[in-house]
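Structure assessment
Listed here are the chains, written in short residue letters.
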Amino acid sequence: MYDPSQLRTFLAVAQTLSFTQAARRLGVRQSTVSQHVRRLEDAAGRQFFSRDTHSVELTEDGEAMLGFARRILEVQDQATAFFAGTRLRGRLRFGASEDFVLTRLPEILEGFRSDHPEVDLELTVELSGTLHERLAAGHLDLVLAKRRPEDPVGQLVWHDHLVWIGAPRLRLDPDRPVPLIVYPPPGITRALALEALELQGRSWRIACTSGSLNGLIAAARAGLGVMAHSRGLVPPGLARVPERAGLPTLGEVDFVLVHGRRRPSAQGAADALAAVILAGGDRLHRGRRG
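Scope of this entry: the structure provided in the associated data block. Remember, it's a predicted structure, so these values are computed and weren't measured experimentally.

What counts, and where the lines are drawn
- Residues numbered from 1 in each chain as written.
- Predicted model: local features only at pLDDT ≥ 70, side-chain atom pairs only at ≥ 80, totals over all residues.
- Heavy atoms only, no water.
- Helix = DSSP H or I, 4+ residues; strand = E, 2+ residues; numbered from the N terminus.
- Buried < 20%, exposed > 50% of the residue type's maximum accessible area, 1.4 Å probe, protein only.
- Polar contact = N/O pair within 3.5 Å; in protein donor to acceptor, adjacent residues only side chain to side chain.
- Contact = heavy atoms within 4.5 Å.
- Salt bridge = Lys/Arg side-chain N within 4 Å of Asp/Glu carboxyl O.
- Axes fitted to C-alpha atoms, helices over the stretch in contact; angles between N-to-C directions.
- Parallel < 35°, antiparallel > 145°, perpendicular 65-115°, else oblique.
- Left-handed = near helix turned anticlockwise from the far one by under 90°.

1. Remarks on the side chain of Gln15
Within the secondary structure, Gln15 sits in helix α1 (residues 4-16). The buried category is assigned to Gln15, whose relative accessible area is 1%. At 2.8 Å, the side chain of Gln15 and the side chain of Arg25 are in polar contact. With near-sequence residues (within four places) excluded, Gln15 lies in contact with Arg25, Val157, Trp158, His159, Leu278, Ala279, Gly280, Gly281 and Asp282.

2. Brief notes about the side chain of Arg93
Looking at the secondary structure, you find Arg93 in strand β3 (residues 90-97). In this structure Arg93 comes out as buried when scored by relative accessible area, which is 10%. A distance of 3.1 Å separates a polar atom in the side chain of Arg93 from the backbone oxygen of Gly138. With residues up to four places along the chain from it excluded, the contact list for Arg93 reads Glu122, Gly138, His139, Leu140, Asp141, Leu142 and Arg263.

3. Considerations on the environment of Leu135
With respect to the secondary-structure elements, Leu135 resides in helix α6 (residues 128-136). Judged by relative accessible area, Leu135 falls into the buried class, the value being 8%. Between the alpha carbons of Leu135 and Gly260 there is a distance of 5.6 Å; along the sequence they are 125 residues apart. The contacts of Leu135, once residues within four sequence positions are left out, are Leu140, Asp141, Leu142, Val143, Val258, His259 and Gly260.

4. Notes on the pattern of salt bridges
Taken as a whole and judged by the stated rule, the model has 11 salt bridges. Two residues, Arg104 and Glu107, come together in a salt bridge whose shortest N-O distance is 3.2 Å. Residue Arg104 is classed as partly exposed on the basis of its relative accessible area, which comes to 23%. With a closest N to O distance of 2.8 Å, Asp141 and Arg263 form a salt bridge. One end of the pair, Asp141, is in the loop between α6 and β5 (142-147); the other, Arg263, is in the loop between β11 (252-259) and α9 (264-279), and 122 residues separate them in sequence.

5. Points about the packing of helix α5 (residues 105-115) against α9
At a minimum axis distance of 10 Å, the contact between α5 and α9 shows a crossing angle of 135 degrees. Classed by the angle they form, the pair α5 and α9 counts as oblique. Both α5 and α9 take part in a crossing whose hand is right-handed. Contacts between α5 and α9 pair Ile108, Leu109 and Phe112 from the former with Ala269, Ala272, Leu273, Val276 and Ile277 from the latter.

Treat this as a map of the structure, not an account of what it does.
What follows is the structure in structure tokens.
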């Protein structure tokens, strides 16, 4: 009933909330993306997106289709791999940014390991900037990390906004420097937060620095300050800082997959893991663990 190519297109739009970005990810024209979505909606007899000239949002039926689409495509991929008679082997060096520590990425990796037991998966968790550096140096095969929206490198998994978050009870004194909880350099969110405050002319001080997301969360929950974070990945126990606090807008951020130098022994596994993450990327910021 549902065409796999249309389901993949639907997932790309659902994860990027952009027909243009979905077209770039899939390497097709935007008109093709629109056509696939329309035909899938016709097949289901439901509307999956509400859209205007400025935004694209999933409808309630669209949210429901996310789970169905993932499962249909996962079963199809498993059947294809089974009957193709090929088994992936080799060592895959995969890097994921600290942002994904509290998400459902472990479930995605567990499924990949179950489907490809002969692949030795080596996981590195680091800051996005550090992962990009290690990838460029040839120490990683595939990276899932942040990039700045103007950076063309990588295959878009999803697009998000950065927001200020902190303990719900935290109150900022407008006459004192903003207390910041940040990653060390070369953290991308750190750089964006400092740039935004400097542009606004707002004074700031570093209240906590940690290379661990859990360390930053602990400091934020203790009320030590505020931190810049992806809107779709706000950890439990923290909340967005109200606009009345007067903090500057942080802008947008992309989460992308970037392939390293194509080692023959890792290329097949890297392509397979990238496909799994792209198909289930919405799980990384929807229904995350509490």
